[in-house]
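# Structural characterization, general
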Amino acid sequence: MAELEAQQARLTLDRFTHEDAWMLGSMLVELARERRAPVAIDIRRGAQRLFHCALAGSSADNDDWIERKRRVVERYGESSLLVGARFRAKGKTFEGDSRLDPGRYAAHGGSFPITVRGAGVIGAVTVSGLPQVEDHALVVEALERFTTS
């Protein structure tokens, strides 16, 4: 959990514009294509979808997972992987103990908060199509590249 918390602290942005969403989304598409990853990618700021791409091999199920993981980020203000890890660390399951509808919320890796200094969490970047830890790692890698570009 310490590493997941450190990622969130480290990946706080100074700003996040429509152009930034395009750049980050494009980085994710490039990384996914290099790996032949069958993923769907989504970036939201508040209620507005700023970027969405479904690569070959992804399906409508991935879009559903995106929505469910994103809702966890919006509700908790932390990555979906971290939220699930917090429940497991307490010997609980998100599905059984959060009191949230598992058809609408999924604390599985792949959705990461877009946090802006002075504003807090303003959105989420989400990937679905790989095992949950790999979805999360892909998002983190892209955000790390984005913050150093």
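Everything below is about the structure shown above.
Let us look at the structure shown here.

Reading the values: the criteria
Residues numbered from 1 in each chain as written. Predicted model: local features only at pLDDT ≥ 70, side-chain atom pairs only at ≥ 80, totals over all residues. Heavy atoms only, no water. Helix = DSSP H or I, 4+ residues; strand = E, 2+ residues; numbered from the N terminus. Rg over C-alpha atoms; globule rule 2.2 N^0.38 Å. Buried < 20%, exposed > 50% of the residue type's maximum accessible area, 1.4 Å probe, protein only. Contact = heavy atoms within 4.5 Å. Areas by Shrake-Rupley, 256 points an atom, 1.4 Å probe, with all protein chains shown as cover. Lys, Arg positive; Asp, Glu negative; His and termini not counted. Charge placed at Lys NZ, Arg CZ, Asp CG, Glu CD. Pairing = 2+ DSSP bridges. Axes fitted to C-alpha atoms, helices over the stretch in contact; angles between N-to-C directions. Core = buried A, V, L, I, M, F, W, Y, C linked by side-chain atoms within 4.5 Å. Parallel < 35°, antiparallel > 145°, perpendicular 65-115°, else oblique. Left-handed = near helix turned anticlockwise from the far one by under 90°. Nonpolar A, V, L, I, M, F, W, Y, C, P; charged D, E, K, R; others polar.

### Comments concerning the overall build of the chain
- A tally of regular secondary structure across the chain gives six helices and five strands.
- Taking 15 Å as the expected radius of gyration for a compact globule of 149 residues, we find that the chain reaches 14 Å, a close match to that expectation.
- When its C-alpha atoms are laid out on the principal axes, the chain stretches across 40 × 40 × 25 Å.
- The 149 residues of the chain split such that 50% are buried.
- Contacts in the chain between residues at least 24 apart in sequence constitute 66% of all its contacts with a sequence separation of at least 6.
- Within the structure as shown, the chain displays about 7,400 Å² of accessible surface, and the carbon and sulfur contribution to it stands at 50%.
- Each charge class in the chain can be summarised by its mean position, and for the 21 positive and 21 negative side chains these summaries are 3 Å apart.

### Considering the sheet that holds strand 3 (residues 48-54)
- Strand order across the open sheet formed by five strands is 1-4-5-2-3, with mixed pairing between neighbours. Edge positions in the sheet fall to strand 1 (12-13) and strand 3, since each has one partner strand and no second.
- Note that strand 1 and strand 4 (residues 111-116) share two bridges and pair parallel. For Thr 12, the partnering residue across the bridge sits in strand 4 and is Thr 115.
- Packing of helix 3 (residues 60-76) onto the sheet brings it into contact with strand 2 (40-45), strand 3, strand 4 and strand 5 (120-128), and relative to strand 5 it is tilted by some 155°.

### Notes on the nonpolar core
- Ranked by internal contacts, the top residues of the largest apolar core, which has 29 residues, are Phe 16, Leu 24, Ile 43 and Val 125.
- When residues of this core are traced back to their parent elements, those giving at least two are helix 2 (18-34), strand 2, strand 3, strand 4, strand 5 and helix 6 (132-148).
- Ranked by residue count, the leading element in this core is helix 2, at seven residues.
- What Val 125 contacts, discounting residues up to four positions off in sequence, is Leu 24, Leu 28, Asp 42, Ile 43, Gly 110, Ser 111, Phe 112, Ile 114, Val 139 and Leu 143.
- Counting seven residues, the second-largest nonpolar core is a separate cluster that includes Phe 87, Phe 94, Leu 100 and Tyr 105.

### Quick notes on the packing of helix 1 (residues 2-10) against helix 6
- Two elements in contact, helix 1 and helix 6, have axes separated by 11 Å at closest approach and are oriented at 30°. As judged from the angle between their axes, helix 1 and helix 6 are roughly parallel. Between helix 1 and helix 6 lies a crossing of left-handed hand. Only His 136, Val 140 and Glu 144 of helix 6 make contact with helix 1, whose side of the interface consists of Leu 4, Gln 7 and Arg 10.
- Residue classes in the contact of helix 1 with helix 6 are distributed as two nonpolar, two polar and two charged.

Any functional reading would require information beyond the geometric quantities listed.
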